[in-house]
2 protein chains.
Amino acid sequence: MSAARTSHPRTRIQAKRRGRILEAALDVFSTHGFRGATIDQIAEAADMSKPNLLYYFRSKEAIHHELIQRLLDDWLQPLRDLDPAGDPMSELRAYIRRKIEMSRDFPREGRLFTNEILQGAPHTLGMLRDVLKPLVDEKVKVIEGWMKAGHIVRTDPYHLIFSLWATTQHYADFDVQVRAVLGPERDGEGRFEDAARFLEQLYLDGLAPRQGGK
Amino acid sequence: MSAARTSHPRTRIQAKRRGRILEAALDVFSTHGFRGATIDQIAEAADMSKPNLLYYFRSKEAIHHELIQRLLDDWLQPLRDLDPAGDPMSELRAYIRRKIEMSRDFPREGRLFTNEILQGAPHTLGMLRDVLKPLVDEKVKVIEGWMKAGHIVRTDPYHLIFSLWATTQHYADFDVQVRAVLGPERDGEGRFEDAARFLEQLYLDGLAPRQGGK
DNA sequence: GTCTATAATGCGATAGAC
DNA sequence: GTCTATCGCATTATAGAC
């Protein structure tokens with residue numbers, strides 16, 4: 001069969017090999033960026049020859065494109081899960097927990113996106129407008145609802161979301177720096193738990209309605 | 001004279017040309033990363049030929065190295081300026097303001113560092129340990145002093161600093177995303193002022209000592 | 001489907017004239 | 001100091017045998 005290069009492989013064996021390539025590509029793209037990554041590196045990581053890899057994907061760009069598309073949905077799931085009917089403080093706490101867990105368990109995915117955005121989102125700008133912005137706009141309305149109901153203090157909901165993204169994503173993107181600063185004496189997975197606790201305190205205290213109520 | 005390649009050019013004309021190269025290189029490295037940048041691009045941006053550029057710098061890596069070294073000091077200045085004798089809330093507010101202004105006025109410098117850290121700090125790891133960590137350790141002690149004196153709530157000072165870095169740096173690194181989400185209707189330099197106000201509110205309210213005491 | 005070989009281009013760096 | 005020309009290697013992608 002000669003349909004290996006389509007996005008929808010017909011056979012199980014093709015799906016499996018494409019999956020192995022994507023897994024290897026995630027490794028390489030996330031640490032070297034798109035241009036810094038080479039097909040050779042990806043092929044070696046996927047344990048196959050370069051021409052063989054290019055039998056499954058038309059080009060380096062095609063691999064990157066499919067990777068971005070597949071991962072964006074997962075990446076936004078915590079924000080999608082923000083429940084308008086839930087208790088605001090519990091929802092925020094759950095969101096922070098989920099995002100910190102993702103930085104701990106899937107740092108490569110985060111770095112892939114950061115690399116992409118940092119370089120001006122050349123392959124992703126359309127998705128930012130068509131997928132990301134509508135979702136954020138929707139959740140901003142949820143947050144504004146909580147503010148009007150007096151459950152959390154009034155503030156700029158867009159910048160609140162940016163701030164949540166930035167603080168949680170930091171532990172994936174700047175992992176090297178975080179570990180260098182914490183030093184060997186505090187090295188270990190505990191930093192993620194410490195981060196979650198700190199961020200819960202910061203956001204939950206910072207957003208709790210004031211007693212005096214303005 | 002044949003000393004153009006040393007780090008300390010003797011003549012004014014050499015310093016000027018090297019400066020023009022570094023300015024162009026900042027542009028290119030900050031948007032494409034080290035490996036994504038080409039000497040051709042830098043040379044064109046500096047309006048000189050590639051061999052001419054390589055007369056002033058031994059190699060692509062030498063340009064990058066000097067850029068990182070020159071900028072790190074500026075980059076850490078706001079943290080250095082954190083005054084143990086100052087009012088904690090005013091010091092934090094000033095720090096946030098300074099960092100947001102830097103993201104607005106010097107976004108390329110921020111992206112240069114983020115690119116570098118994201119890729120595992122291959123050229124910078126030593127500086128993180130020798131320069132960054134000692135400075136952070138020193139300022140952590142300052143913050144701990146404020147906590148013990150009851151001026152701000154007790155929390156993890158390392159993660160507080162990470163959080164401040166992440167939230168302020170976000171507006172340089174993720175500028176494309178921020179603008180895509182805010183949309184054309186909120187596009188304009190106002191986003192930096194909005195960000196500063198939001199962050200002041202978050203941190204100052206979140207860190208203010210509770211009325212009931214601990 | 002997978003391989004070896006190689007085409008085609010991009011890129012860092014140098015040679016050598018002026 | 002600056003240029004044109006070019007070397008040498010890396011890298012993307014393809015050709016064609018098996």
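A quick note: this is a predicted structure, and the numbers were derived from the prediction, not measured. (Residues numbered from 1 in each chain as written. Chains lettered and ligands numbered in written order. Predicted model: local features only at pLDDT ≥ 70, side-chain atom pairs only at ≥ 80, totals over all residues. Heavy atoms only, no water.)

Undergrad: What is the right way to look at the relation of the copies chain A and chain B in this model?
TA: Relating the two copies of this chain is a rotation about some axis coupled with a shift parallel to it. Least-squares fitting of chain A to chain B yields an RMSD of 0.1 Å, with the transformation described by 0.0 Å of translation along the axis and a rotation of 180 degrees. Both chain copies can therefore be described as sitting about a two-fold axis. The C-alpha atom lying nearest the rotation axis in chain A is that of G206 of chain A; the distance is 1.8 Å. A symmetric contact is evident, with 100% of the interface residues of chain A recurring at the interface of chain B. (Least-squares fit on C-alpha atoms with pLDDT ≥ 70 in both. Contact = heavy atoms within 4.5 Å.)

Undergrad: How do you make sense of the domain arrangement of chain A when you look at a structure like this?
TA: Residue and element names in this part refer to chain A. Segmenting chain A into domains produces domain 1 (12-58) and domain 2 (70-207). Between the C-alpha centres of domain 1 and domain 2 the distance comes to 29 Å. On the domain 2 side, the residues contacting the eight residues of domain 1 number eight residues. Summing both partners gives a buried area of about 770 Å² for domain 1 against domain 2, and 58% of it is carried by carbon and sulfur. The largest share of the area that domain 1 buries against domain 2 comes from L26, S30 and F34, three residues that together contribute 56% of it. Put simply, domain 1 and domain 2 have two salt bridges between them. Close ionic contact of R108 with E23 constitutes a salt bridge, the shortest N to O distance being 3.0 Å. Between the two partners, domain 1 and domain 2, sit three residue pairs in polar contact (both at pLDDT 80 or more). Of the residues in the side of domain 1 that touches domain 2, the class split is four nonpolar, two polar and two charged. (Domains from an automatic or database assignment. Buried area = accessible area lost by both parts, 1.4 Å probe. Salt bridge = Lys/Arg side-chain N within 4 Å of Asp/Glu carboxyl O. Polar contact = N/O pair within 3.5 Å; in protein donor to acceptor, adjacent residues only side chain to side chain. Nonpolar A, V, L, I, M, F, W, Y, C, P; charged D, E, K, R; others polar.)

Undergrad: What's the story with the packing of aromatic side chains in this structure? I'm lost.
TA: Between two aromatic rings, the relevant description is the distance of the centres plus the angle of the planes. Scanning the model with the defined rule gives ten aromatic pairs over all chains in all. Relative to F34 of chain A, the ring of F29 of chain A has its centre 5.7 Å away and its plane inclined at 15 degrees; by these criteria the two rings are stacked. Of the two residues, F29 of chain A and F34 of chain A, neither departs from the other in class, the shared state being buried. Arranged with centres 6.0 Å apart and planes meeting at 35 degrees, the rings of W75 of chain A and F113 of chain A form a pair that is tilted. One end of the pair, W75 of chain A, is in helix α4 (residues 60-80); the other, F113 of chain A, is in helix α6 (residues 107-118), and 38 residues separate them in sequence. Take W75 of chain A and F113 of chain A: they sit in the same class, and that class is buried. It is K60 of chain A that lies over the ring of F34 of chain A; its NZ or CZ is 4.9 Å from the centre. Stacked on the ring of W75 of chain B, the Lys or Arg K99 of chain B has its end atom at 4.6 Å from the ring centre. (Phe/Tyr/Trp six-rings, centres within 6.5 Å; stacked < 30°, edge-to-face > 60°. Buried < 20%, exposed > 50% of the residue type's maximum accessible area, 1.4 Å probe, protein only. Helix = DSSP H or I, 4+ residues; strand = E, 2+ residues; numbered from the N terminus. Lys NZ or Arg CZ within 6 Å of the ring centre and 35° of its normal.)

Undergrad: For this particular structure, what's the right way to read the side chain of Q177 of chain A?
TA: Positionally, Q177 of chain A belongs in helix α9 (residues 175-182). Judged by its relative accessible area of 10%, Q177 of chain A falls in the buried class. What Q177 of chain A contacts, discounting residues up to four positions off in sequence, is H170 of chain A together with I117, L128, L132 and W165 of chain B.

Undergrad: Where do I start with the protein's contact with DNA strand D in this structure?
TA: In the vicinity of DNA strand D lie 19 residues, with K50 of chain A together with Q14, R17, S49 and Y56 of chain B positioned nearest. Sugar plus phosphate, as a fraction of atoms of DNA strand D within 4 Å of the protein: 61%. R17 of chain B has a polar side-chain atom sitting 2.9 Å from a phosphate oxygen of DNA strand D. When contributions to the surface near DNA strand D are tallied by element, the ones reaching two or more residues are α3 (50-56) of chain A together with α1 (12-36) and α3 (50-56) of chain B. For the surface near DNA strand D, a count of residues per class yields nine nonpolar, six polar and four charged. (Near = heavy atom within 4 Å.)

Undergrad: Any chance you could explain helix α5 (residues 88-105) of chain A here in plain terms?
TA: One full turn of an α-helix is made of 3.6 residues, so residues set three or four places apart face in the same direction. The end-to-end C-alpha distance of α5 of chain A, which contains 18 residues, comes to 25 Å, matching closely the 26 Å that a straight helix rising 1.5 Å per residue would cover. In this structure, the buried residues of α5 of chain A make contact with α4, α6, α7 (125-148), α8 (157-173) and α10 (190-207) of chain A. (Expected span 1.5 Å × (residues − 1).)

Undergrad: I tried to follow the UniProt feature "DNA-binding region" (unreviewed entry) in chain A on my own but got confused; where do I start?
TA: Using the residue numbers shown here, the UniProt feature "DNA-binding region" (unreviewed entry) corresponds to residues 38-57 of chain A. Helix makes up 70% of residues 38-57 of chain A and strand 0%. Its end C-alpha atoms lie 14 Å apart. (UniProt positions renumbered as here; feature names shortened; annotations may be inferred.)

Undergrad: What is the right way to look at the UniProt feature "domain: HTH tetR-type" (unreviewed entry) in chain A in this model?
TA: UniProt annotation of "domain: HTH tetR-type" (unreviewed entry) refers to residues 15-75 of chain A when read in the numbering used here. The distance separating the terminal C-alpha atoms of residues 15-75 of chain A is 22 Å; by composition the span is 85% helix and 0% strand.

Undergrad: How do you make sense of the packing of helix α1 (residues 12-36) of chain A against α4 of chain A when you look at a structure like this?
TA: For any two helices packed against each other, one specifies the inter-axial angle together with the distance between the axes. All names here are of chain A. Two numbers describe how α1 lies on α4: the axes approach to 9 Å, and their chain directions differ by 95 degrees. Between α1 and α4, the angle falls in the class roughly perpendicular. Contacts from R18, I21, L22, A25, L26, F29, F34 and R35 of α1 reach α4 at K60, E61, I63, H64, E66, L67, R70 and L71. (Axes fitted to C-alpha atoms, helices over the stretch in contact; angles between N-to-C directions. Parallel < 35°, antiparallel > 145°, perpendicular 65-115°, else oblique.)

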